[in-house]
Amino acid sequence: MRGKKPTNCPTSALRLLTGAVGAIAVSGLFAGPASAQNEGIILEEIVVTAQKRQESLQDVPISVATMQGESLNALFSGSEDILALSGRVPGLYAESSNGRSAPRFYLRGLGNIDFDLAASQPVSVVMDEVVMENVVLKGFPLFDVQNIEVIRGPQGTLFGRNTTAGIVKINTRRPTDEFNGYLKGSYGRYGTTNLEGAVGGSLIEDELTARVSVLHRTRDNWITNGHTGQKSLGRYDESAARLQFEWRVSDRLTALMSHQNRSLDGTSSIFRANVFTPGSNALNQNYDRDVVYYDGGDNNPQEYQSHGTTLNLTWDFDDVTVTSITSYQQADGFSRGDIDGGVVDFSQSVTIPPGISFDPNAIIFGVPALTFPGTINTSSVTQDGADTDQMTQEFRIASNDAERFNWQIGAFYFRSDLVVTTDSFASFGFSGNQQDTMIQQENDTWAVFGQGSWDVTDRLNLTAGVRYTDDEKDFQVLQFGQLWLDIGIPTFIAAPINVDDGQLSWEASANFAVTDNASLYARYADGFRAQTIQGRDVAFLETPTVAKPETIESVEAGFKADLFGGRGRVNFAAFHYEVDDMQLSIIGGASNTNQVVNAKKGEASGFEFEADFLITDYFLVSIGTSYNDTEIKDPTLATKPCGSGLCTPLDPVNPADTTQVLVDGNPFPRAPETTHNLNMRLHAPVRNNSELYIATDWVWYGDINMPLYEAVEFKTDGHYEAGVRLGYKNHDSGWDIAVFGRNISDQDNVVGFVDFSNNTGFVNEPQTYGVEVTWEFGE
C-alpha cells in the first residue's frame, strides 16, 4: 500500500549526491591492485553471547543475527527510537501505538498486538543481561551500544518465560583500561538533533575503570492541527545517561556497577481519522502527513521517566566462574491521545477544510454532530499511564572452557509491581485524579536451570538444557473513576485475581562441522509464555480477562559457512513451531474491547537467510530475507470486526453470533509474510589514511494483516524504507563527517489502525535528512 508520491530532493542536491556516488564508485571499485591475497582483508569474526558465554556466531547452534558498528549507528542519525531496528535482520518486526515508548516486537511472526501497558510479550528485551519486562522499560533509547543480538526461536532454558518467540539482546560498551570515547552531533529536518557521547578509561591502574555515556535527542513540532491552525504536534525532547564502574576487587573478583536513566517529553502517536476508504487499503484524500484535525487530546502529550541500577559480580576460579546479577529498574509516565483522530462538533458550525470528507448527520452518544474527516461514530480521548518497578536476581555457575564438556547451572528470581492508570472520561470533558481507574498487577517468578555442551568429536557437538519456572500473578482494582457513580451507572469492584503456574522447558541441539569453515545444526526447543491478566476494560465497566499459559514446541535446522577465504559469510535456518493455547488479544472492533484469549493452536513455518560479501576490498554487501507462513488453528475462535461499519471483513460470519466473524485459518496478527533487508557500503581510500564512503540500507515488508480478523482496509503490502549516508572519514584523527537521509523516498507506510470509531490509521516516521559529525578518540 502506498500513499502520496515521494517528495523529490532539490535538483542541485540530487546532482551533487549523484556526482559524489559516481566518484566514489569509480575510485572504490577500480582503485589500485589491492586484493584479499595482497592485503588479507576478510570479514570480522562476530562474537555473540546467545548461550550466556562468548562464542563465535558461526559455532552457535541457534539462529542468531547481529547488528553493530557503523551500520547500526546509521539507523539513529535522524534521532530514531528503538523501532528503527524493525526489519533490519530477517524475521524481526517492531511497532508501537504509544509514540517513543512501549515498543512491541515480533519474531518469526510471533508477537502481541495489545497496546496496553500491562501487556506481556513473547519477545523479550534483555539489556546488559537484565530482562526489561514491562513494555515501557523496553523503550529505553539505544546509544553507546557494542552490539545487538537477535536470537530467534524459544529461549526458555537460559532466559526463562515470555521468550517463546525469541530475544532482542542489547549489549552496551563496558569500561576498559584504555582511555577512549566519542562525541557525535547531528542536525536535520524539523529541527531534529541527536547529540551523544561517551568517555571511559582507567581511574586506578589495573583496579578501577569507568565509562560515562550521554544522549540528547530533540525535534520541533512539525504537524499542524488544522482545526486550531497551530503547528503543535510531533515534537520530542529526550535525554538519557549511563554511568558504569568496574572494580577489580581481587585477582578473582570483579564488580561492574551500572546506573542509567531516561527522561522523555514529547508527542505520542498521531492518529488520523478516516484515512482509508471502504474497500481499499490505500491512503485517501483525508491523509496529509503534515496536517491532522484534532478537537481533543491536548496535542497528544507523552512523558516518561525511568532509571535502573545493576550490579554484576564475577568470581573467576580455576575451573568455574560464578556470576551474580542484581538489578532494579523503575519507570513511570503517561501518554494521552485523540484516539478518534478527528473533530466532533455538536454545534455543527465549524468550517470544513477544503478536500476533507465530512458527515453532517453523525450521531455521537445519541446527539447529532458534524464530524470530520469522514464519519466518526465515537468521540474518544484517553490517557494511560504506568508506574512500574522490577527487581531481578540471577546466580550462575559455569565451567571455564573445559576440553570436552562445558556446563552451567543457575537460579533466577523476578518480582515486579505495576500500577496502570486509565482516564476513561476525557471524551466526556471530565478529567482529574478522581476520574482515573487504577489497577495493580504484581508478578513473582523463580526458576532453576542448567545446560551442558559436549564435544563428542572434533566436529560434533551436542548441547542440552532444562529449566523449571514458577510464575505467579496478582491483580486488583485500586480505584474506579468517580464519574461512574456520579452519573448513576451501576458499577462493581472487581474481585482480586490470583493465577499461578509452573512449567518445565528444555532444549537439545546438535552442531556438526562439515568442514573447518561450514557447519550444519539442528535444534529442538520448547518454552512458555506465562499466564496473562488483562484488566484495562475495568475502566469501561467490563470484567478482566485471563489467559492460561501458552506453550511452544519448535524445531529448526540450519547451515552456517564462511566462504571465499573469509570474504563471505552465509547463514540459513528453516523452522517449524506449534503454539498450544496461543495467547491472542482482541482489540477494538464493534465491542471496543481489550481482551486476552487462548486459541487452541497456532502454527508457523518458514526460513531466514542472511549473507555478507566483501565484493572487493572497498565494497561490502549484506543481504537478508525471511519467510513466515503463520496460521491460527481454532474453529470456534471469533471476534467482532470493525465497529465503524466502514471496513470490509473477509472472514466467514460466526453462525452462533452473526455480529462476529471466525478467525480460524488467519495469519498471526502483525506477522509479516516476508521481510528483506539490504546494506551496502562502498569506500575509496584517499590520502592521510582517510576514505570517502557511501552506505545505504533498505528494508522491505511483505503482506501484513494487522488485526486478529481480516479486512481489506487493515492489510498492508509492499512497504519499504531506505536510508543513505555519504561521508569522509579519517582513521588517524577519528573524525567522520557525513550527510544522511532516512526514509529517503518519503514513503507513507501505514503501521497501525484503530477500528472502533472510524477507519483511523497512523504511519511511519517522515523523511529526514541532515549532517552528522563524529569524533572518536583514545587508544
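Residues numbered from 1 in each chain as written. Predicted model: local features only at pLDDT ≥ 70, side-chain atom pairs only at ≥ 80, totals over all residues. Heavy atoms only, no water.

This brings us to the environment of V126. Mapping V126 onto the fold places it in strand 6 (residues 123-127). For the pair V126 and K138, spaced 12 residues apart in sequence, the C-alpha separation works out to 8.5 Å. Not counting residues up to four positions away in its chain, the partners in contact with V126 are V131, F159, I167, V168, K169 and I170. (Helix = DSSP H or I, 4+ residues; strand = E, 2+ residues; numbered from the N terminus. Contact = heavy atoms within 4.5 Å.)

Relative to the helices and strands, G770 is located in strand 46 (residues 768-778). Other than its neighbours up to four places away in sequence, G770 contacts Y187, G188, A738, V739 and F740.

Any segment with low pLDDT has predicted coordinates that should not be analysed in fine detail. Of all residues in the protein, 92% have pLDDT values of 70 or greater, and the mean over the chain is 91. Within the model, the stretch residues 1-38 combines pLDDT values under 50 with 56 contacts to residues more than four positions away or in other chains. (pLDDT = per-residue confidence, 0-100.)

Before going further, it helps to spend a moment on the side chain of T218. Summarising the element assignment, T218 is placed in strand 12 (residues 208-219). Only 2.4 Å separates the side chain of T218 from the side chain of T193, close enough to count as a polar contact. T218 has contacts with S79, G191, T192, T193, Y236 and D237, leaving out every residue within four places of it along the chain. (Polar contact = N/O pair within 3.5 Å; in protein donor to acceptor, adjacent residues only side chain to side chain.)

With that settled, consider the pattern of salt bridges. Summed over the entire model, instances satisfying the criterion amount to 44 salt bridges. Put simply, E608 and R152 hold a salt bridge, and the shortest N to O gap is 4.0 Å. Separated by 456 residues along the polypeptide, E608 in strand 33 (residues 593-616) and R152 in strand 8 (residues 145-152) bring together distant segments of the chain. Each member of the pair, E608 as well as R152, is classed as buried. A salt bridge links K633 to E603; its shortest N-O distance comes to 3.2 Å. Within this pair, whereas K633 is found in strand 34 (residues 619-633), its partner E603 is found in strand 33, the two being separated by 30 residues in sequence. By relative accessible area, E603 is classed as buried at 17%. One network of salt bridges, with partners in common, ties together R108, R152, E556, E608 and E610. (Salt bridge = Lys/Arg side-chain N within 4 Å of Asp/Glu carboxyl O. Buried < 20%, exposed > 50% of the residue type's maximum accessible area, 1.4 Å probe, protein only.)

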